[in-house]
Protein chains: 2
Amino acid sequence: MSPTTDRFVPPLIRRLRSTATLSETVVEAIRTLPVSLRSYEPGQEILRDGERPACCLAVVDGWVSRLKFLPGGGRQIIAFHIAGDLPDLQSLHLGVLDHGIAALTPCTVARIPHEALRELSARLPELAAVLWRESMIDAALFRGWLTANGRRSAYGRTAHLLCELSLRQRAVGLSTGRTCPMPLRQTDFADAMGLTSVHIARTLGALRKAGLITLQARTLTIHDWDGLCEAAEFDPAYLHLKSVDR
Amino acid sequence: MSPTTDRFVPPLIRRLRSTATLSETVVEAIRTLPVSLRSYEPGQEILRDGERPACCLAVVDGWVSRLKFLPGGGRQIIAFHIAGDLPDLQSLHLGVLDHGIAALTPCTVARIPHEALRELSARLPELAAVLWRESMIDAALFRGWLTANGRRSAYGRTAHLLCELSLRQRAVGLSTGRTCPMPLRQTDFADAMGLTSVHIARTLGALRKAGLITLQARTLTIHDWDGLCEAAEFDPAYLHLKSVDR
DNA sequence: CGTTTTGTTGAAGTTCCTCAAAGCTTGTGG
DNA sequence: CCACAAGCTTTGAGGAACTTCAACAAAACG
């Protein structure tokens, strides 16, 4: 196996196994995919809104965000992605990208040619099903965010996002215990939840004062998971994880 | 052809053709799908949150909404669906439903067994691709709503939703000219956009006073499409329609 | 034609925003 | 290793957007 494959495959498999059962055949097939790696600096654009990419992306390490810009200058983050995620699987069937993809932290991203994915899926329906499922989970997260942002207060919304990001990292082994990486700036929180960074500061302060979390040095510690879930009205069903142990 | 098929197929084909090119083979294949029709009254539940449906739905006539309820009593509508739409295509690969599906108006819905869809897609990769694409467009709408609700004022948001619903109906031949059906109550607008129905009343009043629309007798008339688009910062790209003529 | 649902309007309250300044981190070059 | 700059976070004060409560008007429905 090439060193590229060795870096690219483990996080992806880990992610796919967190939501579905993979046969060894599929794992072996994924190992044969021809990918190229590239690294990005925070803020750097990976794919531009309106592009017609010929590859799908897989996050190898670091964090990636997907975002839309409004003509009037507004910025909305629509998703955060961690190692193992496939942030633009949809481009396989949609052609034109309807949002941008950018590095949130220093990160490494693999590019998998559409061609290769299509061929392999055609030969291996099980792989096609896994990918389709993965793209459906992507959509489920949008639904989760839509209701979080639509019907929760700033306090509940923030708690909800922290629950989600903590659980997703835990599900792929990027965190254990009560602590996890949390590299988002307050402007990132703000643009994800449709608030201002000033209000995020106050809201995080309130969550801290309530004894639910601490957030410093890009690390989140959840002191009271049940309390945070309650504040968030958090129901992890929309993440479609195989096991939701805590 | 059975009378059931005769009612079910035309709107679906019309919808699929609005976003993709269909071969005659695929159209013929769709005609062979075994479906059953059922009618619902406004507000009636079609599928319940948490269910594991064994069928996909296709809207035959009327409007359907997808929604989530929060423990605290909040209600968020995450999508509106019109004739030809496939409102829970995702259940084909997701198993558990993470939201409810309900009738918005009197409507007729077709049920297509997962089994039948899977078999047919396996035999006809072109059909699988069309369905996958359709489910990706569903996700694209969530992204559109997420940014609309996150980064637009009530005024812009409302304008945006009206633009979308008008254009989607136009794309499948459910409206022509400046007018289209608009059966939503103000509470439906409110629950879709994360606002209160009282504020919707004021916002619709403002759009009316600005000379952009009139909305009465469940009919929307857009007097100034360009003006409405401008107020909405509307870019139809996220609908992924084949032609966006106006 | 009465009853129920839906829409409109007013007044007061809350949440969140804007503007602004100060404190804190993080990173960089000397 | 320190000094400084740049970016990020915190806090305050005032304002705008949206909500709540409430009453009434207008459709829709049987």
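Conventions used here
Residues numbered from 1 in each chain as written. Chains lettered and ligands numbered in written order. Predicted model: local features only at pLDDT ≥ 70, side-chain atom pairs only at ≥ 80, totals over all residues. Heavy atoms only, no water. Contact = heavy atoms within 4.5 Å. Buried area = accessible area lost by both parts, 1.4 Å probe. Salt bridge = Lys/Arg side-chain N within 4 Å of Asp/Glu carboxyl O. Near = heavy atom within 4 Å. Polar contact = N/O pair within 3.5 Å; in protein donor to acceptor, adjacent residues only side chain to side chain. Helix = DSSP H or I, 4+ residues; strand = E, 2+ residues; numbered from the N terminus. Nonpolar A, V, L, I, M, F, W, Y, C, P; charged D, E, K, R; others polar. UniProt positions renumbered as here; feature names shortened; annotations may be inferred. Pairing = 2+ DSSP bridges. Axes fitted to C-alpha atoms, helices over the stretch in contact; angles between N-to-C directions.

J.: It is not clear to me how the interface of chain A and chain B should be interpreted in this structure. Could you clarify?
T.: Many structure descriptions define interface size as the accessible area lost when the parts assemble. On the chain B side, the residues contacting the 43 residues of chain A number 43 residues. Of all residues in chain A, Trp132(A), Arg143(A) and Arg151(A) bury the most surface against chain B, accounting for 23% of the area lost on that side. Linking chain A with chain B are four salt bridges, by the criterion used here. Between Arg151(B) and Asp191(A) there is a salt bridge, with its nearest N and O atoms 2.7 Å apart.

J.: Would you mind showing me how to read the protein's contact with DNA strand D here?
T.: Residues in contact with DNA strand D amount to 15 residues; listed here are only the nearest, Arg185(A), Gln186(A), Arg202(A), Thr196(B) and His199(B). Considering DNA strand D, the proportion of its atoms within 4 Å of the protein that are sugar or phosphate atoms stands at 63%. A distance of 2.5 Å separates a phosphate oxygen of DNA strand D from a polar side-chain atom of Gln186(A). Of all elements in the fold, only α8 (197-209) of chain A together with α8 (197-209) of chain B reach the threshold of two or more residues within the surface near DNA strand D. With four residues, α8(A) is the largest single contributor of residues to the surface near DNA strand D. Looking at the surface near DNA strand D, its residues break down into five nonpolar, five polar and five charged.

J.: Got a minute to help me understand the UniProt feature "domain: HTH crp-type" (unreviewed entry) in chain A in this structure?
T.: On the UniProt side, "domain: HTH crp-type" (unreviewed entry) is annotated at positions that read residues 152-226 of chain A here. Secondary structure within residues 152-226 of chain A divides into 55% helix and 15% strand; the distance between the first and last C-alpha atoms comes to 18 Å.

J.: It is not clear to me how the sheet that holds strand β3 (residues 55-61) of chain B should be interpreted in this structure. Could you clarify?
T.: Each strand in a sheet pairs with another by means of backbone hydrogen bonds, the pair being arranged parallel or else antiparallel. Residues and elements named next belong to chain B. Taken in spatial order, the three strands line up as β1-β7-β3 in an open sheet, and their pairing is antiparallel. Each edge of the open sheet is held by one strand with a lone partner, namely β1 (36-40) and β3. On average, adjacent strands in this sheet sit at an angle of 30° to one another, irrespective of strand direction. Summarising the sheet, β3 and strand β7 (residues 107-113) pair through six bridges and their orientation is antiparallel. The residue of β7 that forms the bridge with aspartate 61 is threonine 108. Packing of helix α4 (residues 114-123) onto the sheet brings it into contact with β3 and β7, and relative to β7 it is tilted by some 60°.

J.: Is there a simple way to explain the protein's contact with DNA strand C in this structure?
T.: Close to DNA strand C lie 15 residues; Ala154(A), Thr196(A), Arg185(B), Gln186(B) and Arg202(B) are nearest. Within 4 Å of the protein, the contacting atoms of DNA strand C are 70% sugar and phosphate, with bases supplying the remainder. Take Arg218(B): an N or O atom from its side chain is 3.3 Å from a phosphate oxygen of DNA strand C. The dominant element in the surface near DNA strand C, judged by the number of residues it contributes, is α8(B), at four residues. Residue composition of the surface near DNA strand C, by class: five nonpolar, five polar and five charged.

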